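Architecture and fold: a report
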Amino acid sequence: MKPITLALLIAVSAIISTGCSSGKKSMNTSGTVSLKEVFKNDFVIGAAVNNGQINERDSGSAALLQTHFNGLTPENIMKCEIIHPEWDRYDFTLADKLVELGKKYNSPVYGHTLIWHSQLSPFIQKIQSVDSFRTFFTEHITTIASRYDGKVKSWDVVNEALNEDGTLRKSAFLNKLGEDYIVEAFRLAQKAAPNTELYYNDYNIEQPKKRAGAIAIIKKIQAAGVRIDGVGIQGHWRSYNVPMKEIEESIKEFAALGIKVHFTELDLGVLPNPWDNDAADVNMKAEYSAKMNPYAAGLPDSVSAKQAQSYAELFQLFLKYRKDVARITFWGVQDGQSWLNGWPIRGRTNYPLLFDRKYQPKAAFYKVVETKTKPADAKKSF
Ligand code: 9MR
């Protein structure tokens, strides 16, 4: 599509979606279409926030966060290495700031994450005995979950415990505590945070084998009489390669367990993947080459349009299952912030989100809005 055609399309869809009566209800006071307003009867629209956004050093993001989003997830600052840097030292500075920001923006905070094999503090590697490890595990969960009970909406209690084949990932937790560590983590979180929702969170759990592993985990927690309120399907997929059938099946199967489904880290990257898969393992790395960074000078309209179509199809599915889907959180606010600019190859220019580097809504933004305000048009491809 020529730039002028895309610009026209965006302008027209903006006029249409703000001009129709349902569109008007979806506008905020400044007349902008607002995602959180558009989907307010369907699900929470969240965003992951980084240090600059939490410290309010990024005015462009601050405006978008307040206009479009009604859920905040810390991209990094509640992870072990930041919040619990040493055995007997916690640093709640940024987490407390985030809670304050949530109040200011009227956006609940979705805590991420209590137990994860990655981004652990260095002291944990040095713990030798099982007893000491159990003490760390118990105190880590209890201290953090109790401090924020009633202040955060939820916790990803355990993050990414599964391998692709549905078996449990080898981690310090599995190694030291055995496979019951997941149920134990939820038991401790439940005790420390009775007013906080508790989720299991992972990537690729829409895929059949890994999904079966997640279902087994959830059933085990439930069979132990321990509370689990939801599952987080991360959603790091690739534009025009979104596993729609598996996602639909997953929503049905997870909802049948009596828990809510959250899409917790949504982004649809547009760059080639060296292994041609949808992994999100932060340890996977590949070499830079210009061929692997094809859109450094800008996103071609054709790619932008395909991405918009993928987002629209996804949101149509989310709306179909709006009773079961509680939240859609994007993994970042605008393209420049995304982890996908640095993973799995450093120094690339990716475009996975709904807002561009200048904080402007992209074609995907308008297509997503249309799924609600003009569903018939959203179905048409560009
Ligand atoms: O987006 C996060 C990035 O800034 C960090 O460097 C990375 C390191 O662990 O973690 C990223 O977030 C991950 C999330 O916490 C869990 N699921 C996969 C996400 C992308 O790697």
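Since the structure is predicted, the reported quantities are computational estimates derived from the model, not experimental observations.

1. A few points about the overall build of the chain
Helix and strand counts for the chain stand at 16 helices and nine strands. Relative to a compact globule of 382 residues, whose C-alpha radius of gyration would be 21 Å, the chain shows 21 Å and is just as compact. Every one of the 382 residues in the chain was classed for burial, and the buried ones make up 56%. Sequence separation of at least 24 residues holds for 78% of the intrachain contacts in the chain that already meet a minimum separation of 6. Total accessible area computed for the chain in this model is approximately 15900 Å², and 52% of it derives from carbon and sulfur atoms.

2. Comments concerning the site of the ligand
Within the structure, the ligand sits among 14 residues, and Glu 75, Lys 79, His 112, Gln 119 and Glu 265 are positioned closest to it. One of the side-chain nitrogen or oxygen atoms of Trp 331 is found 2.9 Å away from an oxygen atom of the ligand. Protein contact buries 84% of the 460 Å² of open area that the ligand shows by itself. Grouping the amino acids of the shell around the ligand by side-chain chemistry returns four nonpolar, six polar and four charged.

3. Notes on the environment of Asp 278
One can find Asp 278 in the loop between strand E8 (260-269) and helix H14 (301-320). The class for Asp 278 is buried, based on a relative accessible area of 15%. Along the sequence, Asp 278 and Asn 204 sit 74 residues apart, while their C-alpha atoms lie 7.2 Å from each other. Asp 278 has contacts with Asn 204, His 236, Trp 237, Arg 238 and Asn 241, leaving out every residue within four places of it along the chain.

4. A few points about helix H11 (residues 181-192)
Here H11 contains 12 residues, and its C-alpha end-to-end distance of 16 Å stays within 8% of the 16 Å for a straight helix at 1.5 Å per residue. What H11 keeps buried is the set Tyr 181, Ile 182, Val 183, Ala 185, Phe 186, Leu 188, Ala 189 and Ala 192.

5. Observations regarding the environment of Ile 45
Summarising the element assignment, Ile 45 is placed in strand E1 (residues 44-49). In sequence terms Ile 45 and Ala 193 are 148 residues apart; their C-alpha atoms lie 24 Å from each other. Each residue touching Ile 45, except ones within four places of it in the same chain, is listed here: Leu 35, Lys 36, Phe 39, His 68, Phe 69, Asn 70, Gly 71, Phe 315, Ile 328 and Phe 330.

6. So, the side chain of Thr 371
When you line up the elements, Thr 371 lands in helix H15 (residues 363-373). Look at Thr 371 and you get buried, because its relative accessible area is 5%. A polar contact is formed between the side chain of Thr 371 and the backbone oxygen of Val 368, at a distance of 2.5 Å. Setting aside residues no more than four positions away along its own chain, Thr 371 makes contact with Phe 39, Ala 312, Phe 315, Gln 316, Leu 319 and Ala 378.

7. Thoughts on the packing of H11 against helix H12 (residues 208-223)
To characterise two packed helices, one gives the angle between the axes of the helices and the distance between these axes. It is at 9 Å that the axes of H11 and H12 come closest, and there the two elements cross at 55°. Considering their axes alone, H11 and H12 lie oblique with respect to each other. Classified by chirality, the crossing of H12 by H11 is right-handed. Between H11, through Ile 182, Val 183 and Phe 186, and H12, the contact on the second element is made entirely by Ile 217, Lys 220 and Ile 221. Tallied by class, the residues present in the contact of H11 with H12 amount to five nonpolar, no polar and one charged.

8. Some remarks on the pairing of strand E9 (residues 325-330)
For E9, a buried count of five out of six residues is recorded, marking the element as mostly surrounded by other parts of the structure. Two strands pair when backbone bridges link them, and E1 and E9 are joined in this way by four bridges, in the parallel orientation. The partner of Ile 45 across the bridge, within E9, is Ile 328. Where E8 lies against E9, four bridges are found, and the strand directions are parallel. Looking across to E9, one finds that Leu 266 is bridged to Phe 330.

About the cut-offs
- Residue numbers run consecutively from 1 along every chain, following the written order of its sequence.
- In keeping with the model being predicted, local features are shown solely for residues with a pLDDT of at least 70 and side-chain atom pairs are shown and tallied solely at 80 or more, while totals for entire chains, interfaces and linings include all residues.
- Derived side-chain values reflect all non-hydrogen atoms in the structure, with water molecules and hydrogen atoms excluded from consideration.
- A run of H or I in DSSP counts as a helix once it spans at least four residues, and a run of E counts as a strand once it spans at least two, with each numbered from the N terminus.
- As defined in this context, the radius of gyration uses C-alpha atoms, and a globule is described by 2.2 Å times the residue total to the power 0.38.
- Only protein chains enter the accessibility calculation, which uses a 1.4 Å probe. A residue is then buried if its area is under 20% of the maximum for its type, exposed if over 50%, and partly exposed in between.
- For this analysis, residues touch if any pair of their heavy atoms sits within 4.5 Å.
- In this description, accessible areas are obtained by the Shrake-Rupley approach with a 1.4 Å probe, and a residue is regarded as covered only by the protein chains that are shown.
- Here a residue counts as near a molecule or strand whenever at least one of its heavy atoms sits within 4 Å of it.
- Polar contact is defined as a pair of N or O atoms within 3.5 Å, subject to the rule that within protein one atom must be able to donate a hydrogen and the other to accept it, and that residues adjacent in sequence are counted only when both atoms are side-chain atoms.
- Residues were grouped as follows: Ala, Val, Leu, Ile, Met, Phe, Trp, Tyr, Cys and Pro as nonpolar; Asp, Glu, Lys and Arg as charged; and all remaining residues, including Gly, as polar.
- By this rule, a helix spans an expected 1.5 Å times one less than how many residues it contains.
- What counts as an axis is a line fitted to C-alpha atoms, over the stretch in contact for a helix, and the angles between N-to-C directions run from 0 to 180 degrees.
- The scheme is simple: roughly parallel for angles under 35 degrees, roughly antiparallel for over 145, roughly perpendicular for 65 to 115, oblique for anything else.
- Crossings are assigned a handedness: left-handed for a near helix turned anticlockwise from the far helix by less than a right angle, right-handed for a clockwise turn.
- When DSSP finds at least two bridges between two strands, those strands are taken to pair.

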